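Listed below, chain by chain, are the residues.
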Amino acid sequence: MTIVDTASTVDLGTEYDFIVVGGGTSGLVVASRLTEDEDVSVLVLEAGANRLKDPKIAIQGLAPATYFDPDYDWCITTEPQACIAPIQLPFLQLAQPLGKTLGGSSAINLGMVIYPSKSGFDTWEKLGNPSWGWEAMERYFRKFHTFTEPQEKLKKEFMLDYLNGNHGTDGPIQVSYGSEEGFPPFAQAWPRAWSTLCKPIDGDPITGVSIGAFNNAATLHPLNRERSHAGNAYYSDDVARRPNLRVVTEALAEKILLAKRNDSFDSLWATGVIFVGKDGQKRQVSARREVVLAAGAVKSPQLLELSGIGSKHLLAKHGIECLLDNPNVGENLQDHGFVPFSWEVADPMTSGDQMRSPSVVEAVMGAYQKARVGPLSVNALASAFFPLQDQDLKPISVRELLSDLGQAGAEPRVVREQICAPDECSAQFTLAPFQLNPFPGDSISQLLGLGTEGFYASIIAVLNHPLSRGSTHIQSADPREPPVFDPRAMTHPLDLELHARHVLLLEKIRDTPPLRELFKEGGRRLHNDGQKVETLDQAKEEVKNRYTPHYHVCGTAAMMPRESGGVVDPKLRVYGVEGLRIVDASVFPLIPRGNVQSSVYAVAERAADLIRGLVVEQDDRKGL
């Protein structure tokens, strides 16, 4: 891909039809789709740099090297999380990587392509969002990508016969299994272990209704095995050459310009954006039609508040004039939390912990650079989705459990109803063929740095539908100051009860052939002081000690009725403001199951259609 000096502001116009704030996963989708019409001009402002040729981005396996590096990451740290703090660290803070580069988090994530559940999006519609159910959204999960079928060798090894769904055929993002050489033996053992447990997958995950274990594809180009992300796919060479699209990187948006439409306090119009470029100069650009906010679930609410949209009490505290009082801004924050267990492997060659050795790194890089093969040419993570089960893998009635725990009326009600459905998957399990050691929590280098002596592989348990809700809010009127980010992890008592029951299954999964044979008999554990977790109380302690954010933050400018906590309407328009939409994960009213990347792409694709008017007729039939 040709690299141009996107940080330059030479010949920058003073007015565009649309200004997109955020050149990440969602922003570049919308910009690319809007400028398919040559009569529409779009300016994209991205705070991070253009690093499209950087190997840490291009090579998916090097992603951890970008975390908490300010060249790639916003480097957010949470407020102290009391409900998960171990005794020895009562003021535990957690790291929260967020992409700060062209392509956003799609340029630095681990690349897994995981699809949400049908019931999850149907619940979005039940919350007061017509045409946001699975029937309307399903096609957008195909539109964003092109799927390349795996090689016959991989189909057999990974038991991929279930891949019979309707996948994408011409979308910008490349989804594949990469090379057929480079997967560790854990990848082949994963689906077979679940089959041993009589829990094989029952359908293609892209259909939104499957349960079971699977080897997921990734955002890998099938030929060059490089990361496919919003920065190089939606902003390809051809797109970058469009005369009606201008992308400016290293451009920090400081404020959305708002004008009053009339004398009404609650009727505003977004007229443009103030930003500071790489040269340090402050500039103002006007939007003829709309400002589109795509800065992500932490930065989008921050910019709303800096611009005078949010809680009037919070804004007054920081000396910001409140132009629109909506205390819902920055609330409803959700994230999946995961708990990793790591066991010593039988053969060190099967563990990614080998990458501690400079000679191994040299060999692996050499194989990738010369022939695009080896561990860096694949994505070795694998997943599973399951409803709540006991240690014998028998279904647990969530409704009865809630009643027994005195939580039959637990709120949010929609989440309670969802997790009580018999086929709803409360847990995601993920295989990672390397060690994961989260203590003390605020250090990504500790979690992913392979710092413990020995060679390990891990299985993690993920809470798909958390009931806890957090917030993110400005701590000053300075746009360079990070917000106060408080996920309030595990503050809802049901989250601990559910998550501990997921965690309790990890030892059983590890002990199931053929996975069992890949771990060292009598080998070390990095969890529970090296002891096997066998009771629910032990599992609860491990949730508190090893809880880790999954970096799937969403919900902070929710698409819901305003009286129910909403910030945007079903057309993603900010309540009370004309010409201002939000198109990123902050609009998610409920967090989807699994990794959220595919949902961000799908929502952004639909947002582009909404802006272009391609779904107006459908929505009007729904009474909007």
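Scope of this entry: the structure provided in the associated data block. For every chain, the first residue of the written sequence is number 1, and numbering continues from 1 along that sequence. A pLDDT threshold of at least 70 governs which residues receive local features in this predicted model, and a stricter bar of 80 or more applies before side-chain atom pairs are shown or counted, although totals over entire chains, interfaces and linings include all residues. Heavy atoms from the whole structure form the basis of all side-chain values; hydrogens and water molecules are not counted.

Moving on, we get to the sheet that holds strand β14 (residues 337–344). Whether two strands pair depends on DSSP finding at least two bridges between them. To qualify as a helix, a DSSP run of H or I must reach at least 4 residues; to qualify as a strand, a run of E must reach at least 2; elements of each kind are numbered from the N terminus. In spatial order, the strands read β7-β15-β16-β17-β14-β20; together these six strands make up an open sheet with antiparallel pairing. The sheet is open, and its two borders are formed by β7 (212–214) and β20 (548–549), each paired with just one other strand. Across seven bridges, β14 lies against strand β17 (residues 456–463) in antiparallel orientation. The residue of β17 that forms the bridge with Phe 341 is Ile 459. Should any heavy atoms of two residues lie within 4.5 Å, those residues are counted as being in contact. Under this scheme, a helix contributes an axis fitted over its contacting stretch, all axes are lines through C-alpha atoms, and angles between N-to-C directions fall in the 0 to 180 degree range. Relative to β17, helix α15 (residues 493–503) is tilted by about 145°, and along the sheet it contacts β14, β16 (427–432) and β17.

A separate point is the pattern of salt bridges. What makes a salt bridge here is a side-chain nitrogen of Lys or Arg within 4 Å of a carboxyl oxygen of Asp or Glu, nothing more. Within this structure, the stated rule accounts for 37 salt bridges. Lys 520 is the salt-bridge partner of Glu 344, the closest N and O atoms lying 3.7 Å from each other. Of this pair, Glu 344 sits in strand β14 while Lys 520 sits in the loop between α16 (506–510) and α17 (536–546), placing them 176 residues apart in sequence. A salt bridge links Arg 516 to Glu 521; the shortest N-O distance between them is 3.9 Å.

This part covers the pairing of strand β11 (residues 282–293). Put simply, side chains in a regular strand alternate between the two faces of the sheet. Where strand β1 (residues 15–21) lies against β11, six bridges are found, and the strand directions are parallel. Each bridged residue has a counterpart across the sheet, and for Tyr 16 the counterpart in β11 is Ala 287. Sheet analysis places strand β10 (residues 268–276) next to β11, joined by five bridges and oriented antiparallel. Counterpart to Gly 272 in the pairing with β11 is Ser 286. Between β10 and the antiparallel strand that follows it, β11, lie five residues; Gly 280 among them carries a positive phi value of about 85°. Here β11 runs beside strand β22 (residues 580–582); their pairing, made up of three bridges, is parallel. Across the sheet, residue Val 292 finds its bridge partner in β22, namely Arg 581.

This next bit is on the packing of helix α4 (residues 134–143) against helix α18 (residues 597–612). Where α4 contacts α18, the axes come no closer than 8 Å and their chain directions differ by 110°. Here α4 lies roughly perpendicular to α18, going by the angle between them. Residue-level contacts link Met 137, Arg 139, Tyr 140, Phe 141 and Lys 143 of α4 to Ser 598, Ser 599, Ala 602, Val 603, Glu 605, Arg 606, Asp 609 and Arg 612 of α18. Residues belonging to the contact of α4 with α18 are distributed by class as follows: five nonpolar, two polar and six charged. Orientation categories follow fixed angle ranges, with anything under 35 degrees roughly parallel, anything over 145 roughly antiparallel, 65 to 115 roughly perpendicular, and all other angles oblique. Only Asp, Glu, Lys and Arg are considered charged, only Ala, Val, Leu, Ile, Met, Phe, Trp, Tyr, Cys and Pro nonpolar, and every remaining residue, Gly among them, polar.

Further remarks concern the packing of aromatic side chains. Ring pairs are drawn from Phe, Tyr and Trp, using the six-membered ring of Trp, whenever the two centres fall within 6.5 Å, and their geometry is named by plane angle: stacked under 30 degrees, edge-to-face over 60, tilted for the rest. According to the stated counting rule, one finds 17 aromatic pairs in the structure shown. Ring geometry for Phe 158 versus Phe 183: centroids 4.9 Å apart, planes at 80°, classification edge-to-face. Of the two residues, Phe 158 is situated in the loop between α5 (152–157) and β6 (173–175) and Phe 183 in the loop between β6 and α6 (185–196); the sequence distance between them amounts to 25 residues. A relative accessible area of 1% means that Phe 158 is categorised as buried. Burial here depends on accessible area, computed with a 1.4 Å probe over protein chains only, as a share of the maximum for the residue type. Under 20% is buried, over 50% is exposed, and the range in between is partly exposed. In this structure Phe 183 comes out as buried when scored by relative accessible area, which is 18%. Of the aromatic side chains, those joined through ring pairs into one cluster are Tyr 115, Phe 121, Trp 124, Trp 132, Trp 134, Phe 141 and Phe 588. Residue placement shows Arg 51 over the ring face of Tyr 72; its charged tip is 5.2 Å from the ring centre. The ring of Phe 455 is capped by Arg 356, whose NZ or CZ atom sits 5.2 Å from the centre of that ring. When the NZ atom of lysine or the CZ atom of arginine is within 6 Å of a ring's centre and also within 35 degrees of its normal, the charge is said to sit over that ring.

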